[in-house]
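Reading the structure
Okay, here's what each chain looks like letter by letter:
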Amino acid sequence: MNKPLMKEMHTFGEQETSNQSSPSKKPTPPKPQNAITIAVSSRALFNMDREQDIYEQQGMEDYLKYQIQHEIEPFAPGPAFPFIKAVEAVNIRLRELYPDSEELFDVVLMTSNHAHVGLRLINSINHYQLFIERFCMTGGNSLIGYLKAYHANLYLSADSMKVREAIEEGIAAATVFSPGKITCCELSETQLRVAFDGDAVLFSDESEIIYKAHGLDKFYEHEKAHENKPLDHGPLKGFLEALGKLQQKFYAKGQRLDCPIRTYLVTARSAASSGTRALKTLRSWGLETDEALFLAGAPKGPMLEKIRPHIFFDDQMFHVKGAAELGTVAAHVPYGIAQKSQSKTARDVKKDMPE
Amino acid sequence: MNVNARLRELYPDSEELFDIVLMTNNHAQVGVRLINSINYYDLTIERFCMTGGESPIGYLKAYMTNLYLSKDSKKVQEAIEEGIAAATMFPCDSENELSDTQLRVAFDGDAVLFSDESEIIVKKHGLDTFFRHEKEFENKPLAQGPLKCFLETLGKLQRKFYTKNQRISCPIRTYLVTARSAASAGARVLKTLRSWGLEVDEALFLAGAPKGPLLQKIKPHIFFDDQMFHIEGAQELGTIAAHVPYGIGQKYHKGKHIDTSDTEKNEKI
């Protein structure tokens, strides 16, 4: 392609390779197909509890009015906020090492809020200096189409109904819950830590079905018998894979020890009796986690409190709540057999508030 | 037309409806075939102007046309220059399935709803200056673009449904699909719309991501953009796109400055 003699002009929105020296150069967002896209809802990113109450008790018009009146007040951080901040820190490191690569995280705000709330969201994002340039404000309509159009690798929302829809459409998604105590300030700002449950999160729920139908012993027998047969993959396997790909980029530059991404497997499985199949499955996928904790039924909360992940994915509300009580940002993955036997608490049932 | 049917249900005596006029410089001889086609599809197009070669601009004005659609880019250009909202239609090979109960219209932002003032800054000084400029002038509304009034008329009709409590099943839905970045340059756009008392149902800020895939999900009946690059991207994925030949974007294609002489199609519509 021959460039014109005069300075290259850019179409609005095309990739910027300006050779102007401007004081604060904002990086350009990567193309969706190259990036690891994380879609986050407004209520997952920010704390909108008060606004939610207004919506539920007084209706849409009052809710919108309130938002507009408080437009210049930034929202307080929500449960997914530390995760997003950590993701951006990883991007900064990636850009240092690979300035021309588009293999980065891309954060998209995916909300069914109306465009009227957009200004307050923009002001909040700028207040915290987050780098979220892509928005879809669907004014009440479904977001699923847009999630697919953006090739979303992960969708985080406070609305369990939307998350369920996404999972059914094959998109990795989880409902984020606020931790019981405030721990944002204690989380690492230099290393993104993501913890995963095993069955029905990274792996399919096939083994969990056996356990629920036939009990622990049958489950152990089955796992031993099928030790070498990899488990089927679960909804978040793709996301672990994406994290692994980025980790490799740091290893390739000799930065394994101070890789800004760290992954953890935190499973209720028993190591000797059923751990092998889990590990062999990961190996067969060419994936790894940095740390693997087999709890054999011990509560996950205290372990997670030590790990301090920015997010912990589990399919069972029992574990999600246990984690949240001890200050971990936990996200529920509504997949598999465990969903049928869970009792819904008031926290699970979220009204269809735009978020 | 479906919108008209809904409007007539709610407001039987109102004249605030869509009125479709066939505006062609075909000769009257072709009229019969046109009429037969219109009746075949059960369309309600009772007003015709067959100008037999002459310019339709005068008639557009006489009809106080809110929107003129044509395949002939020269006519569209003329109309825009006369201040009439107009766009050149580009059909696509394989269309997405469209709703037949809800009219969906998608608009680009700069140089379509808004003037091209900001786009000029991007082209002359680059993205960073553009971001700074937009932040500085966040509270100063952008000047209006050629299709602002059409959005306004759509909004007026939408409100007629809202007052009869039909917000959720409103048969008109509008979308803003802009290449702008939300945090860096989105505020001014939202504030401008608000200052005009207008709104869109959905707002998508793409920060440079391709518009095609998102439009494919929206499935609009028509998508207006000033840049052929985006029109082509939309077409490729099955969206009917209409080019608005306005503003500085016409002098550039895919970032490169092009010759100002247009390649024209002298088709009769």
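As the structure is a computational prediction, the values presented were derived from the model and not from experiment.

**Some words on the overall build of chain A**
- Along the backbone of chain A there are 13 helices and 12 strands.
- Sequence-distant contacts, at least 24 apart, represent 77% of the contacts inside chain A between residues at least 6 apart.

**With respect to unusual backbone geometry**
Residues and elements named next belong to chain A.
- Phi angles above zero are rare outside glycine, and Gln129 is one such case at about 55°.
- Note on placement: Gln129 falls in the loop between helix H5 (118–127) and strand E5 (134–137).
- In this structure, Arg308 is a non-glycine residue whose phi angle is positive, near 55°.
- With respect to the helices and strands, the residue Arg308 is situated in the loop between helix H12 (301–307) and strand E11 (311–314).

**Re the packing of helix H8 (residues 206–214) of chain A against helix H9 (residues 216–225) of chain A**
All names here are of chain A.
- At a closest axis distance of 7 Å, the pairing of H8 and H9 adopts a crossing angle of 145°. Classified by chirality, the crossing of H9 by H8 is right-handed. When H8 is examined against H9, the residues Ser207, Ile210, Tyr211 and His214 are found in contact with a partner set consisting of Leu216, Lys218, Phe219, His222 and Glu223.
- When the residues that make up the contact of H8 with H9 are grouped by side-chain class, the tally is 4 nonpolar, 3 polar and 2 charged.

**Some details on the packing of aromatic side chains**
Residues and elements named next belong to chain A.
- A complete count under the given rule lists 17 aromatic pairs over all chains for this structure.
- Three or more aromatic residues link up through ring pairs in this structure, and these residues are Phe46, Phe75, Phe81 and Tyr128.
- A cation over a ring is seen here: Lys237 above Trp285, with NZ or CZ 5.1 Å from the ring centre.
- Cation over ring: Lys253 sits above Tyr98, and NZ or CZ is 4.9 Å from the ring centre.

**Side note on the side chain of Glu138 of chain B**
- Structurally, Glu138 of chain B can be placed in the loop between helix H6 (127–136) and helix H7 (148–163).
- Setting aside chain neighbours within four positions, we find Glu138 of chain B in contact with Ala187, Arg188 and Lys191 of chain B.

**Digging into the pairing of strand E5 (residues 103–107) of chain B**
Residues and elements named next belong to chain B.
- The buried fraction of E5 is high, at 4 of 5 residues.
- Taken together, the 5 bridges between E5 and strand E6 (residues 172–178) define a ladder with parallel strand orientation. Paired with Leu103 across the strands is Ile172, a residue of E6.
- When E5 meets strand E8 (residues 222–225), the two strands line up parallel, connected through 3 bridges. Note on E8: the bridge partner recorded for Phe107 is Phe224.

**Some thoughts on the domain arrangement of chain A**
All names here are of chain A.
- Domain parsing of chain A yields domain 1 (36–177) and domain 2 (192–343).
- On a C-alpha basis, the centroid separation for the pair domain 1 and domain 2 is 25 Å.
- Taken together, the 27 residues of domain 1 in the interface contact 29 residues of domain 2.
- The tally of links from domain 1 across to domain 2 stands at 2 salt bridges.
- Put simply, Arg93 and Asp258 hold a salt bridge, and the shortest N to O gap is 3.3 Å.
- Along the contact surface separating domain 1 from domain 2 lie 7 residue pairs in polar contact (both at pLDDT 80 or more).
- Among the elements of the structure, strand E1 (36–40), helix H4 (81–97), strand E6 (152–157), helix H7 (160–168) and strand E7 (173–177) are those that each provide at least two residues to the side of domain 1 that touches domain 2.
- Of the residues forming the side of domain 1 that touches domain 2, the biggest block, 8 residues, is contributed by H4.
- Residues that form the side of domain 1 that touches domain 2 fall into these classes: 21 nonpolar, 3 polar and 3 charged.

**Let's talk about the side chain of Arg120 of chain A**
All names here are of chain A.
- With respect to the secondary-structure elements, Arg120 resides in helix H5.
- In this structure Arg120 comes out as buried when scored by relative accessible area, which is 4%.
- Every residue in contact with Arg120, bar those within four places of it in the chain, is listed here: Glu51, Tyr66, Gln67, His70, Glu71, Glu73, Pro74 and Phe75.

**Structural notes on the nonpolar core**
- One finds Phe83 and Phe313 of chain A together with Phe224 of chain B to be the most contacted residues of the largest nonpolar core, which totals 151 residues.
- A per-element tally of this core places H4 of chain A first, with 8 residues.
- With near-sequence residues (within four places) excluded, Phe313 of chain A lies in contact with Leu154, Leu156, Ala174, Val194, Ala195, Phe196, Asp197, Val201, Leu236, Phe239, Ala331 and Val333 of chain A.
- Phe177, Ala195, Val320 and Ala330 of chain A belong to the second-largest nonpolar core, a separate cluster that totals 12 residues.

**Considerations on the packing of helix H1 (residues 2–10) of chain B against H7 of chain B**
Residue and element names in this part refer to chain B.
- With their axes 11 Å apart at the nearest point, H1 and H7 run at an angle of 45° to one another. Considered as vectors, H1 and H7 are oriented oblique to each other. Of the two possible hands of crossing, H1 and H7 adopt the one that is left-handed. Residues Val3, Arg6, Leu7 and Leu10 of H1 lie in contact with H7, whose contacting residues are Leu157, Lys160 and Phe161.
- Per-class residue counts for the contact of H1 with H7 are 5 nonpolar, no polar and 2 charged.

**Structural notes on the domain arrangement of chain B**
Residues and elements named next belong to chain B.
- As assigned here, chain B comprises domain 1 (2–88) and domain 2 (103–257).
- Each of domain 1 and domain 2 has a C-alpha centre, and the two are 24 Å apart.
- Note on domain 1 versus domain 2: buried area summed over both sides is about 1,800 Å², and carbon and sulfur give 69% of it.
- When the area that domain 1 buries against domain 2 is broken down by residue, the three leading residues are Arg6, Leu10 and Tyr11, summing to 28%.

**A short note on the pattern of salt bridges**
Residues and elements named next belong to chain A.
- In the structure shown here, the tally under the stated rule is 31 salt bridges over all chains.
- As a salt-bridge pair, Asp197 and Lys300 come within 3.0 Å of each other at their nearest N and O atoms. With Asp197 in the loop between strand E8 (192–196) and H8 and Lys300 in the loop between strand E10 (291–294) and H12, this pair connects stretches of sequence that are 103 residues apart.
- The class for Asp197 is buried, based on a relative accessible area of 5%.
- Taking the relative accessible area as the measure of exposure, Lys300 reaches 3% and is therefore buried.

The rules we used
- Residues numbered from 1 in each chain as written.
- Chains lettered and ligands numbered in written order.
- Predicted model: local features only at pLDDT ≥ 70, side-chain atom pairs only at ≥ 80, totals over all residues.
- Heavy atoms only, no water.
- Helix = DSSP H or I, 4+ residues; strand = E, 2+ residues; numbered from the N terminus.
- Contact = heavy atoms within 4.5 Å.
- Axes fitted to C-alpha atoms, helices over the stretch in contact; angles between N-to-C directions.
- Left-handed = near helix turned anticlockwise from the far one by under 90°.
- Nonpolar A, V, L, I, M, F, W, Y, C, P; charged D, E, K, R; others polar.
- Phe/Tyr/Trp six-rings, centres within 6.5 Å; stacked < 30°, edge-to-face > 60°.
- Lys NZ or Arg CZ within 6 Å of the ring centre and 35° of its normal.
- Buried < 20%, exposed > 50% of the residue type's maximum accessible area, 1.4 Å probe, protein only.
- Pairing = 2+ DSSP bridges.
- Domains from an automatic or database assignment.
- Salt bridge = Lys/Arg side-chain N within 4 Å of Asp/Glu carboxyl O.
- Polar contact = N/O pair within 3.5 Å; in protein donor to acceptor, adjacent residues only side chain to side chain.
- Core = buried A, V, L, I, M, F, W, Y, C linked by side-chain atoms within 4.5 Å.
- Parallel < 35°, antiparallel > 145°, perpendicular 65-115°, else oblique.
- Buried area = accessible area lost by both parts, 1.4 Å probe.

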